[in-house]
Structure formats: structure tokens, C-alpha cells
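Below are the chains, spelled out letter by letter.
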Amino acid sequence: MSSVTRSPVALQVRLRRIEGQVRGISGMVAGDEDCIDILTQVAATTRALQAVALLLLDDHLHQCFEQPGDAASPHVDQVEQASRAIARLVRS
């Protein structure tokens, strides 16, 4: 598996926050809270997971197309454009 160029610690922090959100949703269900409130939290958790997925995908694209040791790789602009396009698609 390729390494993550973003801080693995930052991704772990995000994932732990998402874990907390899921535990909170479970508590809301167990506490028989309002369905709309639960669905709001589910939607927020889904968006948080999508954000993590987009970060990982962005890292992967950069690793695939950038030349080692070449910060000015000709593909950098294309990778950035692809990452933004994918993010727009996922968020729409």
C-alpha cells in the first residue's frame, strides 16, 4: 500500500472524530431521538467520510502522476484539476 503524503496523524484525527459521530448517532437511535435530528447527523458523518476519501484520493493521484523529486512535474496542474473535478462531483 502506498504511503499517505498528507499527515497520517491528521487523517487519524479526522477518523476518530467520525468514530465519535457514529457513536453519537448510535446513542441518538438508542435514546429514540427525533428522526430528522438523526438523519442530520448521518448526513454530516457521510460528508466527513467523503472528505477523508477525497484527501486520500488526492494523495493517490499526486503519487501516481508526479515524478519523484520533481515538484514542477508537468502533470501537477492536471492532477489538481482532476482532484477538484472529482471533489465537485462527489459533493454535488
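These remarks concern the structure in this document. (Residues numbered from 1 in each chain as written. Predicted model: local features only at pLDDT ≥ 70, side-chain atom pairs only at ≥ 80, totals over all residues. Heavy atoms only, no water.)

### Here we look at unusual backbone geometry
The phi torsion of most residues other than glycine is negative, and most of the peptide bonds are trans. Positive phi, normally seen in glycine, also occurs at D32, with a value near 55 degrees. Inspection of the secondary structure assignment puts D32 in the loop between α1 (8–30) and α2 (35–65). Judged by relative accessible area, which is 68%, D32 ranks as exposed. (Helix = DSSP H or I, 4+ residues; strand = E, 2+ residues; numbered from the N terminus. Buried < 20%, exposed > 50% of the residue type's maximum accessible area, 1.4 Å probe, protein only.)

### Quick look at the side chain of S83
On the secondary structure map, S83 appears in helix α3 (residues 76–91). A relative accessible area of 14% places S83 in the buried class. Setting aside its immediate chain neighbours within four residues, S83 contacts D58 and L61. (Contact = heavy atoms within 4.5 Å.)

### A few points about the environment of A44
Residue placement: A44 occurs in helix α2. Accessibility expressed as a relative area gives 21% for A44, which makes it partly exposed. Residues A44 and I18 lie 26 residues apart in sequence; the distance between their C-alpha atoms is 9.3 Å.

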